[in-house]
Amino acid sequence: MTDSVKLDAKVSRRSLLKGAAGIAGLAAGSGAITGFPYVHSAEPKVLRYLGTGVNEGDLIGQQCFKDTGIKIEYISATTDDVTKRVVTQPNSFDVLDTEYFSLKKLVPSGNILGLEAKKIKEFNNITPVFTKGQLPNGKKIGDQGTAPWKVLYLEGANSKNFSKTATDYVTLIPTVYNADTLGIRPDLIKRPITSWAELLNPEFKGKASILNIPSIGIMDAAMVIEATGQHKYADKGNMTKEEIDLTMKIMTEAKKAGQFRAFWKDFNESVNLMASGETVIQSMWSPAVTKVRSMGIPCTFQPLKEGYRSWASGFCISKATTGPKLEWAYEFVNWFLSGWAGGYLNRQGYYSAVLSTAKANMTADEWGYWMEGKAAVGDIKAPDGSLLEKAGAVRDGGSYEDRMGSVACWNAVMDENDYMVRKWNEFIAA
Amino acid sequence: MTKDRNSLIAWLQAGPMMLVFSAFFLLPLVFVTIVSAWDYNEYEMLPALSFRGYTDTFEGCIAQLPDLCTILKTYAKTVKLCFLTWAITLTIGFTIAYFLAFHVRSKTWQIVLSLLCTIPFWTSNVIRMVAWVPLLGRNGLVNQGLIDLGLIKVPLEWLLFSEFSVVLAFVHLFTFFMVVPIFNSMIRIDPKLIEAAYDAGATGFQTLVNIIIPLAKPGIVIGSIFVITIVMGDFVTIGVMGGQQIASAGKIIETRLNALQFPAAAANAVILLGITIVIISALTRLVDIRKEL
């Protein structure tokens, strides 16, 4: 008893000396819950942030430290490695940046904390894309695959089951998402491209590519096959064994006929393939298209009539994170949704989860170009200040409503995932 | 007494290495083997005996006959790439080692020239592989050069993302692993033996076949073990240089790991280990390395 009293006295003196009202306030607030937060509150606030790098950036880390005093330690890994780490080493991180489709593996492992919705200030302002599966204007969007609203809520704080209805416990607070499509080299193709089916068009023999991450690659393959009219899937994100066989059969035939120049797995590989002209049409991610374009090479993130394949990521918190660290983690998530980070991500061509706060952090011209599909009035710059588009440019695919409204399916983990992975290996070996 | 003492000292000398070897190699290997027989679901390993990792791997191998199933096709491809790489690195490596050992007289130059062989290792593996694209690509230097010379009209597609480019990258990377052990064996050859052969009227070729190759055998086998074990397990080079379109035994393990199917990955690792051990033990049958050292 005496020990803890002494400790309290010593530490509160230290925090008085520091005089940081914010820290003291937080310490006082959490003190009621845990009983001994003073010891930690005087230490620097550090959170270990595990993720794939999409949301990461020195600028975000610096701004966060400036606004909240929380120091972010980034741990970067590939999508697959992040999942592996959560399942096998839940103590090695505090905040997790991951995609909704991974939740089907993460939540049953029991290593993810159910987040309390009422502690997230902007929770009710999160775009209805996540909560209801519709645009702010009420238009319903595609729900094939692991759509976020299917895995957003847990049945209880410690539940391993997803809830079909809204509860107070959230699996993952969304931060960033986008609608993906094919990237093309308009200068080498020299004609309009309007359908996913073009990926298998013999015209592009030896000049096409698809990404070699099975869970995403198969979705692109399904978009292509449905576009060619060879099969209509009930749910592209949850195929039956027969559908997987059919999909892989068609892709294998194309591979054997020499349709694909290479498959890619890594952001930079996709940029290299496109920039060097090895491929002219391929699955691609938005920032990779931007990168090719910033090298002075024409590249279009081509909107297609069958729609987009969408993905969304956000923050989970490890179940091993407790006490003041947990409070900081909530504080960090709240900061992330408060606007600065949202504006930063929107300016890279992603979308932020809370649109109103991001808008307040962007100029009217930036908002018009990135979100409303308007022609840029002035030059459009990247967050680091480099020139992205000249005045007068219009974003590929147009406005937020046009792009997110045309989402056909979401990245997914299928029930037959194990079978699919085996078939994917067979496809690579063929 | 002395015999006991000697053997005690020998054990003490070998002890530390043995401990490290058991703790960080043998023990993990035992775990991998155990896990390979477990069951699994989407997110965890289930410690129940199930040989699903193995049965799934060989799925369709009998039903698809006479066509090869995935795993056999993959191994056929891996072994083929491995054999090509081995044959080429051996030829080039042997030639370089021969040059260094018998044509370069001064020790200083021998060291300088051996160090030159390490230059490819001064940059990272990934950068080296990325650098092949501007060289071998459709619009790369080689194709441009050949077109400018009028030798070809359309760019050669097989230069990049093909078995050719995979083997090329392997040879570029691993020839050094052949050069060092072969060179090491060759400088131990007593020059008097070669002089004696010359005096006895042997031609250069006869000397090579009857004196140098037999005496350099340990180096050849050690170099071969390096190259074969690395190439059999590779998935990075095959992935990047093969445009991710060529299967390899290592790649299958990686895909399984990434899908969190640890027991299946372990089963594949055990299979790969078995096959590699068979190849290596066949090689060591040819030469008893311990005796030759």
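Before reading on, note that the structure itself is shown above.
All figures in this text were calculated on a predicted structure; none of them were measured in a lab. (Residues numbered from 1 in each chain as written. Chains lettered and ligands numbered in written order. Predicted model: local features only at pLDDT ≥ 70, side-chain atom pairs only at ≥ 80, totals over all residues. Heavy atoms only, no water.)

## Overview of the overall build of chain A
Part 1: Looking only at helices and strands, chain A features 18 helices and 18 strands.
Part 2: When the 430 residues of chain A are sorted by exposure, 59% land in the buried category.
Part 3: Restricting to contacts in chain A with at least 6 residues of sequence separation, those with at least 24 account for 69%.
Part 4: Working note: accessible area of chain A is about 16,800 Å², and carbon and sulfur atoms make up 53% of it. (Helix = DSSP H or I, 4+ residues; strand = E, 2+ residues; numbered from the N terminus. Buried < 20%, exposed > 50% of the residue type's maximum accessible area, 1.4 Å probe, protein only. Contact = heavy atoms within 4.5 Å. Areas by Shrake-Rupley, 256 points an atom, 1.4 Å probe, with all protein chains shown as cover.)

## Remarks on the packing of aromatic side chains
Part 1: Taken as a whole and judged by the stated rule, the model has 31 aromatic pairs over all chains.
Part 2: Each residue in the set A:Y49, A:Y74, A:F315, A:F332, A:W335, A:F336, A:W340 and A:Y344 is aromatic and connected to the rest through ring pairs, giving one cluster.
Part 3: Positioned above the aromatic ring of A:Y419, the side-chain terminus of A:K241 is 4.9 Å from the ring centre.
Part 4: Across from the ring centre of B:Y40, 4.0 Å away, lies the NZ or CZ of B:R52, which sits over that ring. (Phe/Tyr/Trp six-rings, centres within 6.5 Å; stacked < 30°, edge-to-face > 60°. Lys NZ or Arg CZ within 6 Å of the ring centre and 35° of its normal.)

## Brief notes about the state of the cysteines
In a disulfide, the sulfur atoms of two cysteines are held together by a covalent bond.
Part 1: If you walk through the whole model with that rule in mind, you get 1 disulfide over all chains.
Part 2: The side chain of B:C61 participates in a disulfide bridge whose partner is B:C69; the two sulfur atoms lie 2.0 Å from each other. Since a negative S-S torsion denotes a left-handed disulfide, the B:C61-B:C69 link at about 75 degrees is right-handed. An identical accessibility class is assigned to B:C61 and B:C69; each is buried.
Part 3: A:C64 takes part in no disulfide bond, and the closest cysteine sulfur to it belongs to A:C316, at a distance of 18 Å. (Disulfide = S-S within 2.5 Å.)

## What to know about the layout of surface pockets
Residues and elements named next belong to chain B.
Part 1: Counted as a void, the second largest pocket has a volume near 460 Å³.
Part 2: Counting only elements with at least two residues in the lining of the second largest pocket, the list comes to α3 (70-103), α9 (191-199) and α10 (204-233).
Part 3: Taken together, the residues of the lining of the second largest pocket break down into 13 nonpolar, 5 polar and 2 charged. (1 Å grid on protein atoms, 1.4 Å probe; cavity = no way out; pocket = protein on both sides within 12 Å on 5 of 7 lines; lining within 4 Å. Points joined across faces, edges and corners; volume = space filled by probe spheres on them. Nonpolar A, V, L, I, M, F, W, Y, C, P; charged D, E, K, R; others polar.)

## What to know about the pairing of strand β10 (residues 208-211) of chain A
Residue and element names in this part refer to chain A.
Part 1: Where burial is concerned, the two faces of β10 agree: the one with A208 and I210 and the one with S209 and L211 are both buried.
Part 2: As paired elements, β10 and strand β11 (residues 260-264) share 4 bridges and run parallel to each other. Note that in β11 the partner of A208 across the bridge is F260.
Part 3: Bridge count between β10 and strand β12 (residues 281-283): 2 bridges; the pairing is parallel. Looking at β12, one finds that A208 is bridged to I281. (Pairing = 2+ DSSP bridges.)

## A few points about the environment of A:F162
Residues and elements named next belong to chain A.
Part 1: Checked against the element boundaries, F162 lands in strand β6 (residues 162-163).
Part 2: Judged by its relative accessible area of 24%, F162 is partly exposed.
Part 3: Among residues more than four places away in sequence, those in contact with F162 are L103, K104, V107, K150, V151, Y153, L154, E155 and T171.

## Remarks on unusual backbone geometry
All names here are of chain B.
Part 1: With phi around 60 degrees, Q244 is a residue other than glycine that occupies positive phi space.
Part 2: Owing to a relative accessible area of 5%, Q244 belongs among the buried residues under this scheme.
Part 3: Non-glycine residue L260 carries a positive phi angle of around 60 degrees.
Part 4: Its location among the elements puts L260 in the loop between α12 (249-258) and α13 (262-286).

## Topic: the interface of chain B and chain A
Part 1: On the chain A side, the residues contacting the 34 residues of chain B number 37 residues.
Part 2: A combined buried area of about 3,100 Å² lies between chain B and chain A, and 48% of that area is made up of carbon and sulfur atoms.
Part 3: There are 5 salt bridges connecting chain B and chain A.
Part 4: The salt bridge partner of B:R256 is A:D418, with a shortest N-O separation of 3.4 Å.
Part 5: Inspection of the chain B/chain A interface yields 18 residue pairs in polar contact (both at pLDDT 80 or more).
Part 6: The element that contributes the greatest number of residues to the side of chain B that touches chain A is α12(B), accounting for 7 residues. (Buried area = accessible area lost by both parts, 1.4 Å probe. Salt bridge = Lys/Arg side-chain N within 4 Å of Asp/Glu carboxyl O. Polar contact = N/O pair within 3.5 Å; in protein donor to acceptor, adjacent residues only side chain to side chain.)

## Brief notes about the sheet that holds β11(A)
Residue and element names in this part refer to chain A.
Part 1: Pairing is mixed across the open sheet formed by 5 strands, whose spatial order is β11-β10-β12-β9-β13. Of all strands in the sheet, those with a lone pairing partner are β11 and β13 (300-302), marking the two edges. Taken pair by pair, the neighbouring strands of this sheet meet at an average axis angle of 25 degrees, ignoring direction.
Part 2: Taken together, the 3 bridges between strand β9 (residues 182-184) and β12 define a ladder with antiparallel strand orientation. Looking across to β12, one finds that L182 is bridged to S283. (Axes fitted to C-alpha atoms, helices over the stretch in contact; angles between N-to-C directions.)

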